[in-house]
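Each chain is listed here by its residues.
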Amino acid sequence: MTAALTEGAADERVARRNPLRRLLVRPELGALIGAAALFVFFSVTADAFLQTSSFSTVLYASSTFGIMAVGVSLLMIGGEFDLSAGVLVTSAALVASLVSFQLTLNVWVGVLISLVVTLALGVLNGLLYVWTKLPSFIVTLATFLMLAGANLGVTKAVTGNVASDSISDMDGFKSAKRVFASEIGVVDHQIRISARPAVFTGPHVSITVLWWLLFTAVATWILLRTRAGNWIFAVGGNAASARAVGVPVARTKIGLFAGVAFCAWFSGMHLLFAFATVQSGEGVGNEFFYIICAVIGGCLLTGGYGSAVGAAIGAFIFGMVNKGIVYADWNPDWFRFFLGAALLAATVVNHLVRRRAER
Amino acid sequence: MTALVKLSGVGKDYGSVIALRDVSLEVAAGQVVCVLGDNGAGKSTLIKIIAGLHRHDTGTYEVAGEPVSFASPRDALDLGIATVYQDLAVVPLMPVWRNFFLGSEKRARFGRLDVEFMRRTTRDELLAMGIDLRDVDQPIGTLSGGERQCVAIARAVYFGAKVLVLDEPTAALGVKQAGVVLRYIVQARDRGLGVVFITHNPHHAYPVGDRFLILNRGRPLGYHDKSDITREELTALMAGGAELEQLAHELQATGAAEAAREVEDETRSLGIQDP
Ligand SMILES: Nc1ncnc2c1ncn2[C@@H]1O[C@H](COP(=O)(O)OP(=O)(O)OP(=O)(O)O)[C@@H](O)[C@H]1O
Ligand SMILES: [Mg+2]
């Protein structure tokens, strides 16, 4: 009798959750639809959009923001913001460049010192957040201002200029450029990596696109298949509950800030080895673009929900809008307008999708 | 035999609010201690101290004879003390199985989560409570309040190795599930666990409890062995005979004579009416 009752209840429950609803509950669904729509739109309106070289450019733009969006989206799922992420990229590049140049070291030494310094800055963001118990929005707004000022101040004091000196002829530059700022593509029917785009006879993309995909895959694995991922969702979804069942909330949050810093370091190294010199005022304002990528990709502003794949799709939308406007021969001034519209549309769609899924 | 958990003269303030004063309590292996009291009496505060969520300000807290002062609930869990919180401590947007294992995740090789094991265990443990969840992947926020409570209880029962602490675990439960929870408490006791059980319902407390601690405004009002107290006396202590009578007067004043008579009858039948 009891068995029959529970059987009946189970059947009814299964009927309530159909596969479509399961799909709808995915955080990245709204972004995926948006990306497809934009793709079709630009393919129709901009003739150049579908050429391989233009598409490589779109992917490149997507990747430079997408790499940062990986760390930023994880942090956002963990319930926090990092407004210093944009200038931290510049800081990372400046540290590597200034240290290598001033001390005449192999650039790889500068790269490693930059990694340590940038991670320390990320951990500092986390510690300040944990110690002060202030919203991360305020804490990182403060570090954003301090870093933006320090980037300019230190660079001017050391080089007498707003840009760092070129390190293109220093030891290790070539190998570092291969890792951080080369292209991968087809040379005579073979896949090759080269720092000089001219050597490619076939299609080629920036190596940052591969890094972007790799980072997104790793982040997805961390989120869904590791204990740390469980903790990230938990501290963002309900930090008090997470603490009550034994999740180290402070450690998880600090780790997430360090994750953003790692992405900033990588992006900074790309910047440095792509141009050999760094403009110390760069990066301001980019933090919002990273957040926009994550939000378009379905990350909830209040934390506890989202995905790295979604953030990657968000970055792709960002790249398409950014470059598609150019290929469509529109005034690039409109870029922000469209980005704002995409953000609004994405948040509304995500909100509706989630409400439906939860009902 | 040393007690698994022993509080002596424990006190706790929240800023200017005195939540707990001079409370002592002892739980030995194979013993159920019930904590009873009005709303705001300090029961949850007491439990949060045992669980490691708050630190006590005064008195001592010993686990297996060792004085402790937990920095976080992790420390308590590591000593085998598992808790069902009154607010359940779940993360609404996370799947049921992730909530079940949150903070105590089962890992396979290379730090990879053993997802299959955790899904299966969650389903089985809930099934054992009479909750048949076909989809342990649904966000726990979509479950009913009682189902959520069952998940929290099943989780504590699964992870509580030595001491089980339950803060009003039966509050949102139907008769059947409440029965299951009481059976769990008895089973845990028989397995040699110590249990701290908070409830407002004397009919739940009396059959399973070995000792009863009554709190009133943060202070202990009585600490009785089952042998020195009857179910009726316990009910009287909890409800506060005077208060029931007062309720009867109030009802009478508002003209609800019928209801007032019922309350009076109830008071009389419980044997708690002042002569
Ligand atoms: N975090 C807090 N900050 C300030 N005061 C608190 C806090 N938590 C509880 N209190 C106060 O401490 C007192 C005891 O609260 P507690 O939650 O322990 O009561 P309780 O016995 O569990 O009540 P209930 O039966 O309603 O669950 C109450 O007066 C409450 O207002
Ligand atoms: Mg309580």
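Residues numbered from 1 in each chain as written. Chains lettered and ligands numbered in written order. Predicted model: local features only at pLDDT ≥ 70, side-chain atom pairs only at ≥ 80, totals over all residues. Heavy atoms only, no water.

Trainee: Which parts of the structure should I look at to understand the coordination of the magnesium ion (ligand 2)?
Mentor: Ideal geometry at a metal centre gives angles of 109.5 degrees when four donors are arranged tetrahedrally and 90 or 180 degrees when six donors are arranged octahedrally. Residue and element names in this part refer to chain B. In the first shell of the magnesium ion (ligand 2), the protein supplies Ser44 (OG) and Gln86 (OE1), at 1.9 to 2.0 Å from the metal. Of this pair, Ser44 sits in helix H1 (residues 43-51) while Gln86 sits in the loop between strand S6 (81-84) and helix H3 (96-101), and the two are 42 residues apart along the sequence. We classify Ser44 as buried; its relative accessible area is 18%. (Donors = N, O, S within 2.8 Å, 3.2 Å for Na, K, Ca; no water. Helix = DSSP H or I, 4+ residues; strand = E, 2+ residues; numbered from the N terminus. Buried < 20%, exposed > 50% of the residue type's maximum accessible area, 1.4 Å probe, protein only.)

Trainee: Quick question: what am I supposed to make of the sheet that holds strand S1 (residues 5-14) of chain B here?
Mentor: Sheet strands pair by backbone hydrogen bonding; their relative direction is either parallel or antiparallel. Residues and elements named next belong to chain B. Read across the sheet, four strands follow the order S2-S1-S4-S5 without closing on themselves; strand pairing throughout is antiparallel. Strands at the two margins of the open sheet, each flanked by one partner only, are strand S2 (17-27) and strand S5 (66-67). Pairing geometry for strand S4 (residues 58-63) and S5, over two bridges, is antiparallel. Bridged to Glu62 within S5 is Pro67. (Pairing = 2+ DSSP bridges.)

Trainee: I would appreciate a short explanation of the sheet that holds strand S3 (residues 204-206) of chain A in the present structure.
Mentor: All names here are of chain A. The sheet built from three strands is open, its strands ordered S2-S1-S3 with antiparallel pairing. Two strands close off the open sheet at either side, each with one partner strand: strand S2 (190-194) and S3. Strand-to-strand twist in this sheet, taken as the mean axis angle between neighbours without regard to direction, amounts to 25°. Here strand S1 (residues 183-187) pairs with S3 via three bridges, running antiparallel. The residue bridging Glu183 from the neighbouring strand is Ser206, located in S3. Most of the contacts of helix H9 (residues 207-225) go to S3, to which it runs at about 65°, and overall it touches S1, S2 and S3. (Axes fitted to C-alpha atoms, helices over the stretch in contact; angles between N-to-C directions. Contact = heavy atoms within 4.5 Å.)

Trainee: Looking at this structure, I do not really get the nonpolar core. What am I missing?
Mentor: Nonpolar side chains tend to gather and get buried jointly when the protein is soluble and globular. In this structure, Met68(A), Phe180(A), Trp212(A), Met269(A), Phe273(A) and Leu102(B) are the most contacted members of the largest nonpolar core, which totals 103 residues. Broken down by element, the residue count for this core peaks at 13 residues, all from helix H12 (residues 249-275) of chain A. Beyond its immediate stretch of four places on either side in the chain, Met269(A) contacts Ala92(A), Ala93(A), Ala96(A), Val111(A), Ser114(A) and Phe180(A). Formed by 50 residues, the second largest nonpolar core is a distinct cluster that contains Val32(B), Val181(B), Tyr184(B) and Phe212(B). (Core = buried A, V, L, I, M, F, W, Y, C linked by side-chain atoms within 4.5 Å.)

Trainee: I keep staring at the interface of chain B and chain A and nothing clicks. Help me out?
Mentor: Where interface size is given, it is often the accessible area lost as the parts come together that is meant. Contact with chain B, which involves 33 residues of that partner, is made by 32 residues of chain A. When chain B packs against chain A, close to 2800 Å² is buried across both sides, 55% of that on carbon and sulfur atoms. In this structure, the connection of chain B to chain A is made through zero salt bridges. Applying the counting criterion to the chain B and chain A interface returns nine residue pairs in polar contact (both at pLDDT 80 or more). Of all the elements in the fold, those that place two or more residues in the side of chain B that touches chain A are helix H2 (73-78) and helix H5 (145-159) of chain B. (Buried area = accessible area lost by both parts, 1.4 Å probe. Salt bridge = Lys/Arg side-chain N within 4 Å of Asp/Glu carboxyl O. Polar contact = N/O pair within 3.5 Å; in protein donor to acceptor, adjacent residues only side chain to side chain.)

Trainee: So what exactly am I meant to see when it comes to the side chain of Thr45(B) here?
Mentor: Looking at where Thr45(B) falls in the secondary structure, it is placed in helix H1. Not counting residues within four places of it along the chain, the set of residues in contact with Thr45(B) comprises Lys12(B), Tyr14(B), Ala19(B) and Leu20(B).

Trainee: How should the site of ligand 1 be read in this particular structure?
Mentor: All names here are of chain B. As a structural note, the neighbourhood of ligand 1 is formed by 13 residues, with Gly40, Lys43, Ser44, Thr45 and Gln86 the closest of them. In this structure, Gly42 approaches ligand 1 through a main-chain N or O atom, which is 2.9 Å from an oxygen atom. Take Ser44: an N or O atom from its side chain is 2.6 Å from an oxygen atom of ligand 1. Considering ligand 1 on its own, with 630 Å² of exposed area, one finds that the protein chains cover 63% of that surface. Considering each element in turn, the shell around ligand 1 owes the most residues, three residues, to H1. Looking at the shell around ligand 1 residue by residue, the classes come out as three nonpolar, seven polar and three charged. (Near = heavy atom within 4 Å. Areas by Shrake-Rupley, 256 points an atom, 1.4 Å probe, with all protein chains shown as cover. Nonpolar A, V, L, I, M, F, W, Y, C, P; charged D, E, K, R; others polar.)

Trainee: Please clarify how the pairing of strand S3 (residues 31-37) of chain B should be interpreted in this entry.
Mentor: A regular strand places its side chains so that they alternate between the two faces of the sheet. Residue and element names in this part refer to chain B. Most of S3 sits out of view: seven of its seven residues are buried. Side-chain alternation along S3 places Gln31, Val33, Val35 and Gly37 on one buried face and Val32, Cys34 and Leu36 on a second face that is also buried. Bridge count between S3 and strand S9 (residues 211-216): five bridges; the pairing is parallel. For Leu36, the partnering residue across the bridge sits in S9 and is Ile214.

Trainee: Where do I start with the packing of aromatic side chains in this structure?
Mentor: Ring pairs (aromatic) are described by centroid distance and by the angle formed between their planes. Residue and element names in this part refer to chain A. One pass over the structure, following the stated rule, counts 39 aromatic pairs over all chains. Residues Phe337 and Phe338 carry aromatic rings whose centres are separated by 5.8 Å and whose planes lie at 85° to one another, so their mutual orientation is edge-to-face. Judged by its relative accessible area of 31%, Phe338 falls in the partly exposed class. Aromatic ring contacts, followed pair by pair, group Phe39, Phe41, Phe42, Phe49, Phe55, Phe316, Trp330, Trp334, Phe337 and Phe338 into a single cluster. (Phe/Tyr/Trp six-rings, centres within 6.5 Å; stacked < 30°, edge-to-face > 60°.)

Trainee: Mind showing me how you'd approach helix H7 (residues 136-159) of chain A here?
Mentor: Count 3.6 residues to each turn of an α-helix, and residues three or four apart come out pointing the same way. Residue and element names in this part refer to chain A. Over its 24 residues, H7 runs 33 Å from end to end, which matches the ideal 34 Å to within 8%, given 1.5 Å per residue. For H7, the elements touching its buried residues are helix H5 (85-102), helix H6 (107-132), H12 and helix H13 (286-296). In the stretch just after H7, Gly160 is the one whose phi turns positive, near 70°. (Expected span 1.5 Å × (residues − 1).)

Trainee: Got a minute to help me understand the packing of helix H10 (residues 227-237) of chain A against H12(A) in this structure?
Mentor: All names here are of chain A. In the contact formed by H10 and H12, the axes pass within 10 Å of each other and the chain directions differ by 105°. Between H10 and H12, the angle falls in the class roughly perpendicular. Between H10 and H12, the contacting residues are Trp231, Ile232 and Val235 on the first element and Val249, Thr252, Lys253 and Leu256 on the second. Class assignment for the residues of the contact of H10 with H12 results in five nonpolar, one polar and one charged. (Parallel < 35°, antiparallel > 145°, perpendicular 65-115°, else oblique.)

That's the geometry; what it means functionally is another story.
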